[in-house]
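Geometric and topological summary
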Amino acid sequence: MPNQSPLHFSLRQLSSALHTKKISSVELTQMYLERIAVHNSTLNVYITTNAEMSLAQARHADARLAKNNSHALPVISNLTGIPIAQKDIFCAKDWRTTCGSKMLENFIAPYDAHVIQQFNEAGAVNLGKTNMDEFAMGSSNETSYFGAVKNPWNHDVVPGGSSGGSAAAVAARLCAAATGTDTGGSIRQPAALCGISGIKPTYGVVSRYGMIAFASSLDQAGPMARSAEDLALMLNTMAGFDERDSTSLQRPPENYLRDIDAKQSSSSQPLSGLRIGLPQEFFADGLSDDVAQAVAAAIVEYQKLGATVVNISLPNSKLSIPVYYVIAPAEASSNLSRFDGVRYGYRAKEYSDLTDMYQKSRAQGFGAEVKRRIMIGTYVLSHGYYDAYYVQAQKIRRLIAQDFDHAFKQCDVIMGPTTPSTAFKLGEKGDDPVQMYLSDIYTIAVNLAGLPGMSIPAGFGKNKLPIGLQIIGNYFSEAQMLNVAHCYQQATDWHVRIPPNIINDRGL
Ligand code: GLN
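Cut-offs applied
Residues numbered from 1 in each chain as written. Predicted model: local features only at pLDDT ≥ 70, side-chain atom pairs only at ≥ 80, totals over all residues. Heavy atoms only, no water. Helix = DSSP H or I, 4+ residues; strand = E, 2+ residues; numbered from the N terminus. Buried < 20%, exposed > 50% of the residue type's maximum accessible area, 1.4 Å probe, protein only. Lys, Arg positive; Asp, Glu negative; His and termini not counted. Salt bridge = Lys/Arg side-chain N within 4 Å of Asp/Glu carboxyl O. Polar contact = N/O pair within 3.5 Å; in protein donor to acceptor, adjacent residues only side chain to side chain. Contact = heavy atoms within 4.5 Å. Disulfide = S-S within 2.5 Å. Near = heavy atom within 4 Å. 1 Å grid on protein atoms, 1.4 Å probe; cavity = no way out; pocket = protein on both sides within 12 Å on 5 of 7 lines; lining within 4 Å. Sits in = over half its atoms within 2 Å of the grid points. Nonpolar A, V, L, I, M, F, W, Y, C, P; charged D, E, K, R; others polar. Expected span 1.5 Å × (residues − 1). Axes fitted to C-alpha atoms, helices over the stretch in contact; angles between N-to-C directions. Parallel < 35°, antiparallel > 145°, perpendicular 65-115°, else oblique.

A closer look at the side chain of D219
- In this structure, D219 sits in the loop between β5 (197–200) and β6 (221–225).
- Salt bridges are absent for the buried D219, whose nearest opposite-charge side chain, R208, sits at 5.3 Å.
- Here the side chain of D219 touches T183 through a polar contact of 2.7 Å, side chain to side chain.
- Engagement of the side chain of D219 in a polar contact is seen with the backbone nitrogen of F214, the distance being 2.9 Å.
- Among residues more than four places away in sequence, those in contact with D219 are D182, T183, Y203, R208, M211, A213 and F214.

Overview of the environment of G123
- Note on placement: G123 falls in the loop between α4 (114–122) and β3 (125–130).
- Linking G123 and G198, residues 75 residues apart in sequence, is a C-alpha distance of 22 Å.
- Ignoring anything within four residues of it in the chain, the contact list for G123 reads A61, R64, L79, T80 and G81.

A look at the state of the cysteines
- Scanning the model with the defined rule gives zero disulfides in all.
- The closest cysteine sulfur to the non-disulfide-bonded C91 is located on C99, 8.4 Å from its own sulfur.
- What makes C91 buried here is its relative accessible area of 4%.
- Cysteine C487 is unpaired, with the sulfur of C411 as its nearest cysteine sulfur at 17 Å.

Brief notes about the site of the ligand
- Around the ligand sit 15 residues in total, of which T183, G184, S186, Y324 and R373 are the nearest.
- Residue G184 places a main-chain N or O atom 2.6 Å away from an oxygen atom belonging to the ligand.
- S186 places a polar side-chain atom, nitrogen or oxygen, 2.7 Å from an oxygen atom of the ligand.
- At a threshold of 2 Å from the grid points, most atoms of the ligand map onto the largest cavity.
- Here the residues of the shell around the ligand are counted per class, giving five nonpolar, seven polar and three charged.

Structural notes on helix α16 (residues 478–491)
- When the terminal C-alpha atoms of α16 are compared, their 20 Å separation across 14 residues agrees well with the 20 Å that a helix rising 1.5 Å per residue should span.
- The element α16 is largely enclosed, with a buried count of eleven among its 14 residues.
- All of the buried residues along α16 are E478, A479, M481, L482, N483, V484, A485, H486, C487, Y488 and Q489.

Comments concerning the packing of helix α9 (residues 289–304) against α16
- Viewed as axis vectors pointing N to C, α9 and α16 meet at an angle of 95°, and their least axial separation amounts to 10 Å. In terms of axis orientation, α9 runs roughly perpendicular to α16. In this structure, α9 uses A298, E301 and Y302 to contact α16, whose residues at the interface are V484, A485, Y488 and A491.
- Taken together, the residues that form the contact of α9 with α16 break down as six nonpolar, no polar and one charged.

Some thoughts on the pattern of salt bridges
- A complete count under the given rule lists 16 salt bridges for this structure.
- Ionic pairing is found between E301 and K304, a salt bridge with its closest N-O pair at 3.9 Å. Here E301 and its partner K304 are both found in helix α9, three residues apart, which amounts to about one turn of the helix.
- The class for K304 is exposed, based on a relative accessible area of 53%.
- With its nearest N and O atoms 3.2 Å apart, the salt bridge here joins D340 to R343.
- Among the residues examined, D340 registers a relative accessible area of 11% and is labelled buried.
- Connected via shared salt-bridge partners are R12, E229 and D261.

Structure, rendered in structure tokens:
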């Protein structure tokens, strides 16, 4: 056990410290709550904290740990007593669950999402609900009704979206790990811009039950943490079949630490035999020099670890933004029709009749980006335009998935940048939705194909802001991808760097 603050412990080290009573869950939870009290007013990472509820869970975890002494390491999914931040898109019983929207500003969830239930069963502590783009629509966290999140590396720039609160909370050591969701890049992009690790699993691996729906055929939850090893531990808790989600996949239970733990050999080339595909389309115009250089350096590191490089092509990936921005709004327009002011959520104070009540509640309750998506979605689904837009988009979606099928005949994983640049200035793209949508260029095709994708820290740009390396795997290859990321993290130290001034002299 390293002799340092638990703020720097990996999840396994934390679990070990909890099991050996070097620290209690209540102490750990208090420590994070105190840090949140110090930093949240600046970073705006949490929308809701509830010390009473978090500490009750921590006391419960301590009681469970006291009974369970024999349960020492190694553990594969032991999160008992560990404080986790939950993206505010997951319903958590008795917690305010806003999805970053005025529409749900006062909504107290009456039940737990499957993901929350899994963490509760594991004995983890819910440390609070993290800020996010409204209904997960955005790439910068600026569409949140609760205000933008600040990037812990530089308060003038965005943390990335939509899971920006979770990414910033992990980077600023305001939780041990966090959850996110990724419809078009919302785990990977903020992970890249905040210098942390995040994985979006294969579609269907993590249940969407109780996760407020944006675009159901694309939405997938995943963990955000400091290292690939931590992600694997988190995913062991989050994944698994759930009959309440009709797209949840029934597969044999997986141990996502499998490959990481198997590769304990001291070989200097632990990845020999691994074929890395580099898609030419990911290194073309629009990629900033510093990101291109950092990715190239990471590939050289991978070659040192024994991997070989194959040039591949994903010819239809250039169409992924227009395709996504037809399909995602179409699904969103349908999903968001449930917010009608009748059953739950915001209701306008004054209205003349039922139709007026619907109109005013939705007009006042949704922000501009959400309204834009609802209008686009309604348009592309409407009679006369459905074939021209929605059906065409679905056809191209198939071609995008086929490109990946073809690529994975030539390589085991695909690598490239996660984002075209490092974090941009707050407000910089606010007036230009198309510019904002272009930030998704490298992440969206992965969602359209339903593949797993992750981002890990791989250096810093000219402006000292973090850069992410994206790793895309074939369906259900998460354990392999996590090990590919882990081997890189064993050889480099980008993932352990922390933002400046994030820990004060009192250790807070
Ligand atoms: N930036 C994309 C969008 O705004 C993706 C968001 C997400 O993955 N939730 O739709």
